[in-house]
Amino acid sequence: MILITKDNVSSFIEYYHNLHDSYITNVSYDIKLSKIELAINVFWSGKPILNKEKYYETNSTKLKMIFSNIEKCNIKEIFSWNYINDAFIKYINIKNKDYICFANDESDPLIYIVCDKIEYEELK
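Treat the numbers as computed from the prediction; the structure is a model and nothing was measured.

Right, let's talk about the overall build of the protein for a bit. Assigned secondary structure in the protein consists of one helix and nine strands. Secondary structure elements in the protein, listed N-terminal to C-terminal, are β-α-β-β-β-β-β-β-β-β. Computed over C-alpha atoms, the radius of gyration of the protein comes to 15 Å, within 12% of the 14 Å expected from 2.2 N^0.38 for 124 residues, which places it in the range of a compact globule. Overall, the C-alpha framework of the protein stretches about 55 × 30 × 30 Å when taken along its three principal axes. Here the protein holds 124 residues, and 36% of them are scored as buried.

So this is what it looks like as structure tokens:
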């Protein structure tokens, strides 16, 4: 698992193209451990390659993201057609403590998680 930090959050966002066109396939809660796990089908990752037919190969992949020590969480009903347009992943400060915030959209999120840490890994 790779930890998202203040130093690598922008490279994560850039590498996965703000999770644009990606969608959440599974949400698992562990209330006792204050942990949420997301499975995400990522459509764009890395550098897209223009093939000989003049179409971009998007390097789709699957991500597992684990959110630990949840401070705030709001998850609305998510359907298979609810694609992520532009994910919001930033460090925020609440009551003089830094947290990392993840939302599938900045203005009207279906999922909004504020926690101590986010770890991720690609599933092949």
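What follows concerns the pattern of salt bridges. A side chain of one charge can pair with a side chain of the opposite charge when the charged atoms of the two come close. Applying the stated criterion to the full structure yields five salt bridges. Lysine 64 is the salt-bridge partner of glutamate 121, the closest N and O atoms lying 3.2 Å from each other. One end of the pair, glutamate 121, is in strand E9 (residues 111-123); the other, lysine 64, is in strand E6 (residues 61-75), with 57 residues separating them in the sequence. The salt bridge involving aspartate 116 is made with lysine 97; its shortest N-O contact spans 3.2 Å. With aspartate 116 in strand E9 and lysine 97 in strand E8 (residues 97-103), this residue pair connects regions lying 19 residues apart in the sequence. Looking at lysine 97, the relative accessible area reads 38%, which means it is partly exposed.

With that out of the way, let us pick up unusual backbone geometry. Positive phi values are uncommon outside glycine, yet asparagine 18 reaches one of about 55 degrees. Tracing the chain through its elements places asparagine 18 in the loop between helix H1 (9-15) and strand E2 (23-30). Overall, asparagine 18 belongs to the partly exposed group, its relative accessible area being 27%. Look at asparagine 96: it is not a glycine, yet its phi comes out positive at around 65 degrees. Inspection of the secondary structure puts asparagine 96 in the loop between strand E7 (88-94) and E8.

Definitions and cut-offs
Residues numbered from 1 in each chain as written. Predicted model: local features only at pLDDT ≥ 70, side-chain atom pairs only at ≥ 80, totals over all residues. Heavy atoms only, no water. Helix = DSSP H or I, 4+ residues; strand = E, 2+ residues; numbered from the N terminus. Rg over C-alpha atoms; globule rule 2.2 N^0.38 Å. Buried < 20%, exposed > 50% of the residue type's maximum accessible area, 1.4 Å probe, protein only. Salt bridge = Lys/Arg side-chain N within 4 Å of Asp/Glu carboxyl O.

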